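Listed below are the residues making up each chain.
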Amino acid sequence: MTREEFITLSKDHILYLDGATGSNLVKAGMPSGVCPEQWILEHQDVMLQLQKDYVQAGTNILYAPTFTANRVKLAEYHLEKNMTSMIRDLVAISKKAAESTPGHPVYVAGDLTMTGEQLKPMGKMELETLIDIYKEQILCLVDAGADLLVVETMMSLAETRAALIAAKEVCDLPVIATLTFEADGRTLFGTDAKTAAIVLESLGASAIGANCSTGPAQMESIISEMVSHTRIPVIAKPNAGLPFLDENGTTCYNMEAEEFAEEMEVLVNAGATILGGCCGTTPEFIRQIHERFGTDAKVAASRRPDGIRYLTSERITHSFGLDDGFFVVGERINPTGKKALQAQLREGSFEKVIQFAEEQEACGAKVLDINMGMSGIDEKASMLRALEEVSGVTNLPLSLDSSYVEVLEAALRNYPGRALVNSVSLETEKFEKLLPIVAKYGAMFILLPLSDAGLPKDIEEKKEIIHKIYDRALSLGMCKEDIVVDGLVATVGANPKAALETLETIRYCKENGFATICGLSNISFAMPERSFVNTAFLTLAIQAGLTMAIANPSQELLMSCALAADLLLNKEEAALRYIEYAGGVRERREEKEAELAKKTGTAGKSGNNRQDRQCRQCRQRSDC
């Protein structure tokens, strides 16, 4: 099956998966402590009959019983050398069951899950090792004749990404992926449903969803979040209610097939179009939901709206549109011009990187730019270490910033969210090598309107470069929402029209549906009191439609004026954001005044009013 065939199969239709495998095999006599795949091969008639029953009940996609048939899990039973033959024979059982009902096409999904060993830094496994483990299993599944792949019961978004990357690098089969969520709506590793769905769709999953976790009713909010933030089919494969132990100590579930089908109504209404069952369900459960909902998708649930962009970390999502509030990409994690940071990085210390990350988040940055470009260090290794350290102290999405394609590729491969790449230009290496890499990993990118010839000579050439890169991105499967155009700020001291030209670029991009970004510092280079120039330019740019800027969020004047500009432009929730920020400014000012009073011995005293006013004025002029 190709991805296009899967899209056709699932378009405007409800598809049915199978139900539980493990709990039904236990009922059939499989003891605890054995290798499930080996037991199935020794009792093939049991598995074949179970899957035939699912096909008779209306299943369209059968899961081959290869759930833990990877070398790590098989090694626990000293069976890792038999992986290829085991997977071949296990898939053959499912293919035989799929052919048991002529006229009812049934597809076999090769099944993968977590290995049981955690990725670094939580565990000891390297990402490339995990990708290789999944590649081995996937190649065996492809050779055995699987029609598609399913990555299921995943608790880690990073490990789910690893499986999708592995599949993308060794085959062209469609991949569907489902995670399992805790009662708080997050995976065991802290990812919410919205973030998981956005990351996996951008990485190329053909369908996403949830399995196991809960009964149908408790899964509603998870499915609803996934549906409303994506455009691909959403899978719902819940348990048969809640587990309990019977008088013999056997795990049972508290929901019968008819009640299960009734509760599945909420998931269908939420927009799920691929339905199945997990722990505790049987072929009768699938029969009941098939009879109840049929094959035509009936509910037009609200999907991802046009024009909304998403950047994510592993745990949270930052969404924005062209008319939403302006935000700052924090610029400080960059060694250029920072001698103390350079010294630490040469020593292998990331204390200042962590400090800058925490400070910028506290000051209101929504995304953090990470740049490790300097002499005397391994930039790629430092970038990967910085991603690990920063992700340990903040949940903000990251912008990956480097002049080298290999550094950005390594960062994209390892980053477990949806990053912003800084940047792609028409320069040959970036255009030909980097842009396909950005598309492969599902990232957004900053479009820098430069070419091998250097800066564009005028606004028309700048527009031409923008559209050349945009057209190439479209050909790679990307869309306009994946692009943020850099306004390309020049120095007003050298070119008096620099600000006007950038503002024209921003207006043009806004009118044509592109998000925009700019770095503020260039505009004021070599000018006195640069913060005034930067801030005035920023407010003009926001009025022209600027989406975000790479800046230092600790600059109160700049941040205050940006939020005030949103307020005056009547952007949604701008008043609340401004009031909250102003309140924080007041608190910080009062803390500084209290600290100063304590140092000068005037704490608790009224002091000389004239001197107090003069001191306040000095601080406002930044003369102290």
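The structure presented is a predicted model; accordingly, all values stated were derived computationally and were not measured. The numbers attached to residues start from 1 for each chain and follow its sequence in the written order. In keeping with the model being predicted, local features are shown solely for residues with a pLDDT of at least 70 and side-chain atom pairs are shown and tallied solely at 80 or more, while totals for entire chains, interfaces and linings include all residues. Values reported for side chains reflect all heavy atoms of the structure, with hydrogen atoms and water molecules removed beforehand.

Q: Help me understand the overall build of the chain, please; the structure alone is not making it clear to me.
A: The numbering of helices and of strands both runs from the N terminus, where a helix is a DSSP run of H or I of at least 4 residues and a strand a run of E of at least 2. Counting its regular elements, the chain contains 23 helices and 20 strands. With the radius of gyration taken over C-alpha atoms, the globule rule is written as 2.2 Å times the number of residues to the power 0.38. In terms of C-alpha radius of gyration, the chain reaches 28 Å, essentially the compact-globule figure of 25 Å for 624 residues. For the chain, the C-alpha atoms occupy an extent of roughly 90 × 65 × 50 Å along the three principal directions. In this scheme, a residue with accessible area under 20% of its type's maximum is buried, one over 50% is exposed, and one in between is partly exposed, where area comes from a 1.4 Å probe on protein chains only. For the chain, buried positions account for 52% of its 624 residues. Two residues qualify as a contact provided that any one of their heavy atoms is within 4.5 Å of a heavy atom in the partner residue. Taking as baseline every contact in the chain between residues at least 6 positions apart, the subset at least 24 positions apart corresponds to 74%. The accessible surface values rely on the Shrake-Rupley method and a 1.4 Å probe; as for residues, cover is taken only from the protein chains in view. Summed over all atoms, the accessible surface of the chain reaches about 27,600 Å², with 50% contributed by carbon and sulfur.

Q: What should I look at first to understand the pairing of strand β18 (residues 483–486) in this one?
A: Successive side chains on a regular strand alternate, one facing one side of the sheet and the next facing the other. Neither face of β18 is left uncovered, since the one carrying I483 and V485 and the one carrying V484 and D486 both have all their residues buried. The pairing criterion is simple: DSSP has to find at least two bridges between the two strands. Of the strand pairs in this sheet, strand β17 (residues 444–447) and β18 are connected by 3 bridges, and their pairing is parallel. Looking at β18, one finds that I446 is bridged to V484. Orienting the strands away from the viewer, one traces the path from the first strand over the helix to the second; a clockwise path indicates a right-handed crossover. Traced from β17 through helix α18 (residues 459–475) to β18, the parallel crossover comes out right-handed. Strand direction decides the pairing type here: β18 and strand β19 (residues 515–519), joined by 3 bridges, are parallel. In the strand pairing of β19, D486 is matched with I517. Handedness of the crossover joining β18 and β19 through helix α19 (residues 498–511) is recorded here as right-handed.

Q: Sorry if this is basic, but what is going on with empty space enclosed by the protein here?
A: A probe matching the size of a water molecule, rolled over the atoms, marks out where space remains unfilled. A cavity, in this analysis, means grid points on a 1 Å lattice covering only the protein atoms where a 1.4 Å probe fits yet has no way out; a pocket is instead an open set bounded by protein on both sides within 12 Å along at least five of seven lines, and a residue lines either one if it has an atom within 4 Å of a point. Grid points are joined across faces, edges and corners, and a volume is the space filled by probe spheres set on the points. Tallying each qualifying case throughout the model produces 2 cavities of 30 Å³ or more. Here the largest cavity defines a volume of roughly 60 Å³. Looking at the largest cavity, the residues that line it are S313, E314, R315, S391, T394, N395, L396, L398, Y415 and P416. As a working rule, the residues Ala, Val, Leu, Ile, Met, Phe, Trp, Tyr, Cys and Pro are called nonpolar, Asp, Glu, Lys and Arg charged, and the rest polar, with Gly in that last group. For the lining of the largest cavity, a count of residues per class yields 4 nonpolar, 4 polar and 2 charged. Its volume calculated, the second largest cavity comes out at about 40 Å³. Looking at the second largest cavity, the residues that line it are R3, L164, K168, V175, L203, G204 and A205. Tallied by class, the residues present in the lining of the second largest cavity amount to 4 nonpolar, 1 polar and 2 charged.

Q: Which parts of the structure should I look at to understand the pairing of strand β16 (residues 420–424)?
A: For β16, the tally of buried residues reaches 5 of 5 residues, placing the bulk of the element in the interior. Here 3 bridges tie strand β15 (residues 398–401) to β16, and the two strands are oriented parallel to one another. Bridge pairing in β16 places D401 opposite N422. Traced from β15 through helix α16 (residues 405–414) to β16, the parallel crossover comes out right-handed. The sheet contact formed by β16 and β17 spans 4 bridges and is parallel.

Q: For this particular structure, what's the right way to read helix α12 (residues 283–293)?
A: The α-helix advances 3.6 residues per turn, and as a result positions three or four apart in sequence lie on the same side. Of the positions making up α12, those classed as buried are P283, F285, I286, I289 and F293. Buried residues of α12, seen end-on, are gathered within an arc of 155 degrees and therefore sit on one face of the element. The directions considered for the arc are those from the helix axis to the C-beta atoms.

Q: Mind showing me how you'd approach the state of the cysteines here?
A: Disulfide: a covalent bond formed between the sulfur atoms of two cysteine residues. Working definition: a disulfide is two cysteine sulfur atoms within 2.5 Å of each other. Overall, the coordinates contain 0 disulfides when judged by the stated rule. Between C171, a cysteine without a disulfide, and C140, which holds the nearest cysteine sulfur, the sulfur-to-sulfur distance is 12 Å. There is no disulfide at C363, and the cysteine sulfur nearest it, in C561, is 16 Å away.

Q: Is there a simple way to think about the side chain of S313 in this case?
A: Checked against the element boundaries, S313 lands in the loop between β11 (309–312) and β12 (317–320). Any N or O atom pair separated by 3.5 Å or less is treated as a polar contact, with the protein-specific requirement of one donor-capable and one acceptor-capable atom, and with residues adjacent in sequence counted only for side-chain atom pairs. Looking at S313, its side chain comes within polar contact range of the main-chain nitrogen of R315, at 3.1 Å. In contact with S313, not counting residues within four places along its chain, are T195, N395, L396, P397, Y415, P416 and G417.

Q: Would you take a moment to explain a negative patch on the surface for this structure?
A: Each patch is assembled from residues with relative accessible area greater than 30% and no salt bridge, linking like charges that lie within 9 Å and nonpolar side chains (Val, Leu, Ile, Met, Phe, Trp, Tyr) that lie within 5 Å. Each salt bridge in this description consists of a side-chain nitrogen of Lys or Arg and a carboxyl oxygen of Asp or Glu lying within 4 Å of one another. For this count, His and the chain ends are skipped, Lys and Arg are scored as positive, and Asp and Glu as negative. Throughout, a charge is located at the NZ atom of Lys, the CZ atom of Arg, the CG atom of Asp or the CD atom of Glu. Together, E256, E258, E259 and E262 make up a region of like negative charge exposed at the surface. Structurally, the position occupied by E258 is in helix α11 (residues 257–270).

Q: Sorry, what's going on with a nonpolar patch on the surface here?
A: Taken together, the side chains of L567, L568, Y578 and I579 define a hydrophobic patch exposed on the protein surface, amounting to about 410 Å² of accessible area. Counting only elements with at least two residues in the nonpolar patch, the list comes to α21 (556–568) and α22 (574–600). Mapped onto the elements of the fold, L568 is located in helix α21. Residue L568 is classed as exposed on the basis of its relative accessible area of 74%.

Q: Would you mind showing me how to read helix α10 (residues 220–228) here?
A: Within α10, the full set of buried residues consists of I222, I223, M226 and V227. All buried residues of α10 fall inside an arc of 130 degrees around its axis, so they share one side. Buried residues along α10 sit against α9 (193–203), β6 (207–212), β7 (234–238) and α11.

Q: Sorry if this is basic, but what is going on with the packing of α16 against helix α17 (residues 428–440) here?
A: Packed helix pairs are characterised by how far apart their axes lie and by the angle those axes make with each other. Axis separation between α16 and α17 bottoms out at 10 Å; the angle between their running directions is 5 degrees. As far as their axial angle goes, α17 and α16 are roughly parallel. For the pair α16 and α17, the contacting residues are V405, L408, E409, L412 and R413 in the first and E429, K433, L434, I437, V438 and K440 in the second. In terms of residue class, the contact of α16 with α17 is made up of 6 nonpolar, no polar and 5 charged. Axis definition: a line fitted to C-alpha atoms, limited for helices to the stretch in contact. Angles are taken between N-to-C directions and run from 0 to 180 degrees. Put simply, angles under 35 degrees are roughly parallel, angles over 145 are roughly antiparallel, angles from 65 to 115 are roughly perpendicular, and the rest are oblique.

Q: Can you help me understand the sheet that holds β16 in this one?
A: The pairing of strands in a sheet comes from backbone hydrogen bonds and takes either a parallel or an antiparallel form. A barrel is described by the order of its strands in space; here 8 strands give the closed sequence β13-β14-β15-β16-β17-β18-β19-β20, paired in parallel fashion. On average, each strand axis in the sheet is inclined to that of its neighbour by 25 degrees, with strand direction left out of account. Strands β16 and β17 of the sheet are contacted by α17, whose axis makes an angle of about 165 degrees with β16. Set on the sheet, α18 makes contact with β16, β17 and β18; between it and β17 the angle comes to about 160 degrees.

Q: Explain the packing of aromatic side chains here, please?
A: For any pair of aromatic rings, the description rests on two quantities: the centre-to-centre distance and the angle between the ring planes. In this analysis, rings of Phe, Tyr and Trp, with Trp reduced to its six-membered ring, are considered paired at centre separations within 6.5 Å, and the interplanar angle assigns stacked below 30 degrees, edge-to-face beyond 60, and tilted for intermediate values. On inspection of all chains with the given rule, the structure shows 3 aromatic pairs. Where F260 meets F285, the ring centres are 5.2 Å apart and the plane angle is 65 degrees; that geometry is what we call edge-to-face. Placement of the pair is F260 in helix α11 and F285 in helix α12, with a sequence separation of 25 residues. Note on F260: relative accessible area 0%, which makes it buried. Aromatic pair Y470 and F514: ring centres 5.2 Å apart, planes at 90 degrees, arrangement edge-to-face.

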